[in-house]
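A structural walkthrough
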Amino acid sequence: MKCPECGNEMERGFLEVKDTASLTQRDTMAIWYPEDEKGKFFKKGLVNLGLKAEGYYCKECMKVVAIFEER
């Protein structure tokens with residue numbers, strides 16, 4: 001996959017969202033919402049995501065791009 005920032009090839013791997021304070025991860029969530037909802041207390045259009053995803057790392061930019069599946 002090409003990096004959306006610099007265009008270099010990215011290294012494929014995996015990404016996990018973890019809550020280090022809780023062993024059950026009961027309160028840990030990954031969500032997506034539309035850009036125009038940023039800063040709002042009550043957001044519309046939330047998409048709950050799984051906590052594991054396919055990911056790509058760019059060594060040049062030191063950034064990660066993740067491909068999450070909806071939960």
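Residues numbered from 1 in each chain as written. Predicted model: local features only at pLDDT ≥ 70, side-chain atom pairs only at ≥ 80, totals over all residues. Heavy atoms only, no water.

Points about the sheet that holds strand E4 (residues 52-58)
Pairing within the open sheet is antiparallel, and its 3 strands lie in the order E1-E4-E5. The outermost strands of the open sheet, each flanked by one partner alone, are strand E1 (11-16) and strand E5 (63-67). When strand polarity is set aside, the average angle formed by the axes of neighbouring strands in this sheet is 35°. In the sheet, E1 pairs with E4 via 6 bridges, with the strands oriented antiparallel. Within the sheet, the bridge partner assigned to Glu11 lies in E4 and is Tyr57. (Pairing = 2+ DSSP bridges. Helix = DSSP H or I, 4+ residues; strand = E, 2+ residues; numbered from the N terminus. Axes fitted to C-alpha atoms, helices over the stretch in contact; angles between N-to-C directions.)

Things to note about the packing of aromatic side chains
Two numbers describe a pair of aromatic rings. These are the distance of the centres and the angle of the planes. For the structure shown, the criterion picks out 1 aromatic pair. Plain terms: the ring middles of Phe41 and Phe42 are 4.8 Å apart, the flat faces sit at 90° to each other, and that makes the pair edge-to-face. The exposure classification of Phe41 matches that of Phe42, with both residues exposed. The ring of Tyr33 has Lys43 sitting right over it, with the charged end atom 4.9 Å from the ring centre. (Phe/Tyr/Trp six-rings, centres within 6.5 Å; stacked < 30°, edge-to-face > 60°. Buried < 20%, exposed > 50% of the residue type's maximum accessible area, 1.4 Å probe, protein only. Lys NZ or Arg CZ within 6 Å of the ring centre and 35° of its normal.)

Quick notes on the pattern of salt bridges
Tallied over the full model, the rule gives 5 salt bridges. When the shortest N-O distance is used, the salt bridge between Glu9 and Lys2 registers 3.5 Å. The pair formed by Glu9 and Lys2 is uniform in burial state, with each residue classed as exposed. The residue Glu5 makes a salt bridge to Lys63 at a minimum N-O spacing of 3.9 Å. (Salt bridge = Lys/Arg side-chain N within 4 Å of Asp/Glu carboxyl O.)

Examining the environment of Lys43
Following the sequence through the fold, Lys43 ends up in the loop between strand E2 (30-32) and strand E3 (47-49). Relative accessible area serves as the criterion here: at 28%, Lys43 is assigned to the partly exposed category. Distance in space between the C-alpha atoms of Lys43 and Tyr33 is 7.3 Å, their sequence separation being 10 residues. With residues up to four places along the chain from it excluded, the contact list for Lys43 reads Tyr33 and Glu37. Looking at Lys43, its side chain comes within polar contact range of the main-chain oxygen of Lys40, at 2.8 Å. (Contact = heavy atoms within 4.5 Å. Polar contact = N/O pair within 3.5 Å; in protein donor to acceptor, adjacent residues only side chain to side chain.)

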